[in-house]
Amino acid sequence: MPKIGKRAIDELIAAGVPKVVRDSELPGFQARLNVDGTVVFLLEYRAGAGGRASPKRRFKIGSLIDLTPDQARREAERVRGAIRNGDDPAGRQTAKRKELTVGQWLDRCVAEHWQAKRKASTARAFKEMIDRTLKPEFGPIKLSDLSRAHVRAWHAKQTHRARQANLDLAILRKAMSLAVADDLIPANPVAGISKHPERVRDRVPSDNEMAALWKAIGDTDIRTTSRLLFRLLALTG
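Reading the values: the criteria
Sequence positions are assigned chain by chain, starting from 1 and proceeding in written order. Reporting in this predicted model follows two pLDDT cut-offs: at least 70 for local features of residues, and 80 or more for side-chain atom pairs to be given and counted; totals over whole chains, interfaces and linings ignore these cut-offs and use all residues. As a rule here, side-chain values come from all non-hydrogen atoms in the structure, and water together with hydrogens is ignored. Numbering of helices and strands starts at the N terminus; helices are DSSP runs of H or I of at least 4 residues and strands are runs of E of at least 2. Restricting the calculation to C-alpha atoms gives the radius of gyration, and the globule rule supplies 2.2 Å times the number of residues raised to the power 0.38. For the exposure calls, accessible area comes from a 1.4 Å probe over protein chains only, and a residue counts as buried if that area is under 20% of its type's maximum, exposed if over 50%, partly exposed in between. Two residues qualify as a contact provided that any one of their heavy atoms is within 4.5 Å of a heavy atom in the partner residue. Every accessible area reported is derived by Shrake-Rupley at a probe size of 1.4 Å, with residue values counting cover from the shown protein chains alone. Just so you know, the count uses Lys and Arg for positive and Asp and Glu for negative, and it drops His and the chain ends. Every charge is mapped onto a representative atom, which is NZ of Lys, CZ of Arg, CG of Asp or CD of Glu. Note on definitions: angles span 0 to 180 degrees between N-to-C directions of axes, and those axes are lines fitted to C-alpha atoms, for helices only across the stretch in contact. Any angle from 65 to 115 degrees is called roughly perpendicular, while one under 35 is roughly parallel, one over 145 is roughly antiparallel, and all others are oblique. For this classification, Asp, Glu, Lys and Arg are treated as charged, while Ala, Val, Leu, Ile, Met, Phe, Trp, Tyr, Cys and Pro are nonpolar and the rest, including Gly, are polar. We count a salt bridge whenever a side-chain nitrogen from Lys or Arg sits within 4 Å of a carboxyl oxygen from Asp or Glu. Think of a nonpolar core as a cluster: buried Ala, Val, Leu, Ile, Met, Phe, Trp, Tyr and Cys residues, connected wherever their side-chain atoms sit within 4.5 Å. Two rings from Phe, Tyr or Trp (for Trp, the six-membered ring) form a pair when their centres are within 6.5 Å of each other. A pair whose planes differ by under 30 degrees is stacked, one over 60 is edge-to-face, and the rest are tilted.

1. Regarding the overall build of the protein chain
Within the protein chain, the secondary structure is distributed over nine helices and four strands. Secondary structure elements in the protein chain, listed N-terminal to C-terminal, are α-β-β-β-β-α-α-α-α-α-α-α-α. A compact globule built from 237 residues would reach a C-alpha radius of gyration of about 18 Å, whereas the protein chain, at 30 Å, exceeds it by more than 25%. Here the C-alpha coordinates of the protein chain stretch approximately 95 × 35 × 30 Å along the principal axes. In the protein chain, which comprises 237 residues, the proportion classed as buried is 34%. Taking contacts inside the protein chain between residues at least 6 apart in sequence as the whole, the part at least 24 apart equals 50%. Of the roughly 15100 Å² of accessible surface on the protein chain, 53% is carried by carbon and sulfur atoms. Taken as two groups, the 45 positive and 28 negative side-chain charges of the protein chain have centres that lie 2 Å from each other.

2. A short note on the packing of helix α5 (residues 120–138) against helix α7 (residues 162–181)
At a closest axis distance of 10 Å, the pairing of α5 and α7 adopts a crossing angle of 85°. By the angle class used here, α5 and α7 are roughly perpendicular. Only Q164, L167, D168, I171 and L172 of α7 make contact with α5, whose side of the interface consists of F126, M129, I130, R132, T133, L134 and F138. A class-by-class count of the residues in the contact of α5 with α7 yields eight nonpolar, two polar and two charged.

3. Focus: the pattern of salt bridges
This model, assessed by the stated rule, comprises 14 salt bridges. In this structure, K6 and D10 form a salt bridge, with 2.8 Å as the shortest nitrogen-oxygen distance. Here K6 pairs with D10, and both are found in helix α1 (residues 6–15), just four residues apart, close to one helical turn. Judged by its relative accessible area of 61%, K6 falls in the exposed class. For R78, the salt bridge is made with E75, and the minimal N-O distance between the two is 2.6 Å. Linking R78 with E75, this pair stays in helix α2 (residues 69–84), spanning three residues, or about one helical turn.

4. Focus: the nonpolar core
Among the nonpolar cores identified, the biggest contains 27 residues, and W105, W114, L172 and M176 are the most heavily contacted of them. Elements that contribute at least two residues to this core include exactly α4 (102–117), α5, α6 (148–156) and α7. No other element matches the seven residues that α7 contributes to this core. With 21 residues, the next largest nonpolar core counts F29, F41, A47 and L67 among its residues.

5. Regarding the side chain of H155
As for its position among the elements, H155 is in helix α6. Ignoring sequence-local partners within four residues, the contact set of H155 consists of A165, N166, L169, I193, S194, K195 and H196.

6. With respect to unusual backbone geometry
You will see that D183, though not glycine, has its phi angle at about 60°, which is positive. Residue placement: D183 occurs in the loop between α7 and α8 (207–219). Looking at D183, the relative accessible area reads 70%, which means it is exposed.

7. Some remarks on the packing of aromatic side chains
Tallied over the full model, the rule gives three aromatic pairs. Consider the rings of F29 and F41, whose centres lie 6.1 Å apart with planes at 20°: the pair is stacked. Note that F29 is positioned in strand β2 (residues 29–33) and F41 in strand β3 (residues 39–46), a separation of twelve residues in sequence. Residues F29 and F41 agree in their burial class; the two are buried. Geometrically, the ring pair formed by W114 and F126 is edge-to-face, given 5.1 Å between the ring centres and 90° between the ring planes. Placement of the pair is W114 in helix α4 and F126 in helix α5, with a sequence separation of twelve residues. F126 sits in the buried class, given a relative accessible area of 15%.

See the structure below:
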């Protein structure tokens, strides 16, 4: 087995045959030539404290495009030290690949929480806002990768639709709260992000508007009790 350095990598590429080369000095350190001609550096190790009874795992350190052989070796040494202290980097990589995205979790929230526990119209409105805004912005991101900075920066740009952005933010906050409750993430990245100020939507109608409303209620062909109810509502709000 050669020491994995520039010469060994050059020979591996020149041979042109996909294979794995194991380092002669650093246990578990490997270089692999892929079918497409790329070279990646790997670290093979046994997870857990069971010795040879523990499963073998391979952790991808990086590719030749990003790392020199010497840089890859130093990173492999660092990772080996972390493994001795109980880390399992390949296990984390596998778990990351299986982790739900924000979009997948939002869909699950609609199906398992809001459609089951809210009015049909409310669940439908939530799904429309999710599909229109939240999934295009955050959908592909893994749950644990969603950052407060990203959400805050997105929300800060929504001043042209302040009220709707606040509603979108509330839905995302609730979904992430459910993810925390299900132990999918340790903390809610949306908690504590301030809402946009919203314009007051209530106002007192003018005399002309009240007169027109009063006339419309009187001219409408409805029961007397309904006409009285509408006038009472107009007066009391």
